Amino acid sequence: MDVARALEWGGHMLRESGIDTAARDVEILLQELLGMNRSALYLDRNRALLPEQEMVFQQWIEQRCARMPLQYILRKAWFMDMELYVDERVLIPRPETELLVEAVVQEAKGMPEPPQILDIGTGSGAIAIALARYMSGCRVWAVDISLDALAVARINVEKYGLQQRVALLEGDLFEPVKGMAFDIIVSNPPYIARNDLMELAPEVRSEPELALNGGQDGLDFYRKLCHAGELLKPHGFLALEIGYDQGRAVSDILRKCDFKDVRVLKDFAGMDRIVLAYKWK
């Protein structure tokens, strides 16, 4: 099998499986397999795959036909300017979550000292690692209830040499950090309503339900996270990713917990995406 045949066969198989991004996906898989960019791929269409490469490629196509996300197949995902290790134990980092990181970095400007940050539900460690890299001198405590997720996060923390600045802790929400105080608490919690889970794309349903299921109305974790004020220092703030239509509901929850200056930030599509809230006392 040469590159041209691989593109043709792989694209056909993916289209037959109902994958709308078939052409793009087969290109990405071949680029990764052969270590080539897209232009080189088409310039070298007659290049023959080695037997072991052909075997891996066929396996990858089979996995994608079964609706396994590309990130799980390749064991990598891009977030900010980072290449992170991911597998089925963690949620795949989304571009929307980059907006959460950017909002925290912007909001923290002017803090007199490098902040101490708590990341609740760290998953792959994407948020914690990005904040540690973009905010000089800060320390991040990254909590997750899943030991499997923490094992993935540890791979990524070590990849970027941040073991001294990102602490990984196992436990539920605030339990591992009782008695501590933070300048910033950040989280991308599960926020999909339970009844909506089966309507998600098959690729999304393959991700850990623990990282998706936000309870009956999708707001269960926000009701728990509103107690973050007990761990925030005076003038500290809470930053949360939310669903596209949850801005008002999450804002109301936070205001009832005595948070001030509650603001909803939009994503590039004009949808609710981030909530910022302050503790002033």
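Above: the structure in question.
Residues numbered from 1 in each chain as written. Predicted model: local features only at pLDDT ≥ 70, side-chain atom pairs only at ≥ 80, totals over all residues. Heavy atoms only, no water.

A few words now on the state of the cysteines. Overall, the coordinates contain one disulfide when judged by the stated rule. Residue pairing for Cys226: its cysteine sulfur links by disulfide to Cys257, the two sulfurs lying 2.4 Å apart. Taken as a pair, Cys226 in the loop between α10 (220–225) and β7 (232–241) and Cys257 in the loop between α11 (247–256) and β8 (260–266) lie far apart in primary sequence, 31 residues in all. Classification of Cys226 by relative accessible area gives buried; the value is 6%. (Disulfide = S-S within 2.5 Å. Helix = DSSP H or I, 4+ residues; strand = E, 2+ residues; numbered from the N terminus. Buried < 20%, exposed > 50% of the residue type's maximum accessible area, 1.4 Å probe, protein only.)

Here helix α2 (residues 22–34) spans 18 Å end to end across 13 residues, near enough to the 18 Å set by a 1.5 Å rise per residue. Regarding α2, the residues found buried are Ala22, Asp25, Val26, Glu27, Leu29, Leu30, Leu33 and Leu34. The inward-facing, buried residues of α2 contact α1 (3–16), α3 (38–43), α4 (51–65) and α5 (70–74). Looking one or two places after α2, you find Gly35, whose phi comes out positive at around 65°. (Expected span 1.5 Å × (residues − 1). Contact = heavy atoms within 4.5 Å.)

Let us now look at the nonpolar core. In terms of nonpolar packing, the biggest core is built from 34 residues, with Phe79, Val104, Ile117, Leu131, Met135, Val166 and Val186 touching the most fellow members. The dominant element in this core, judged by the number of residues it contributes, is helix α7 (residues 126–134), at seven residues. When near neighbours in sequence (up to four residues on either side) are disregarded, Val104 contacts Leu131, Met135, Ile184, Val186, Phe237 and Ala239. With 29 residues, the next largest nonpolar core counts Leu238, Ile253, Phe259 and Val275 among its residues. (Core = buried A, V, L, I, M, F, W, Y, C linked by side-chain atoms within 4.5 Å.)

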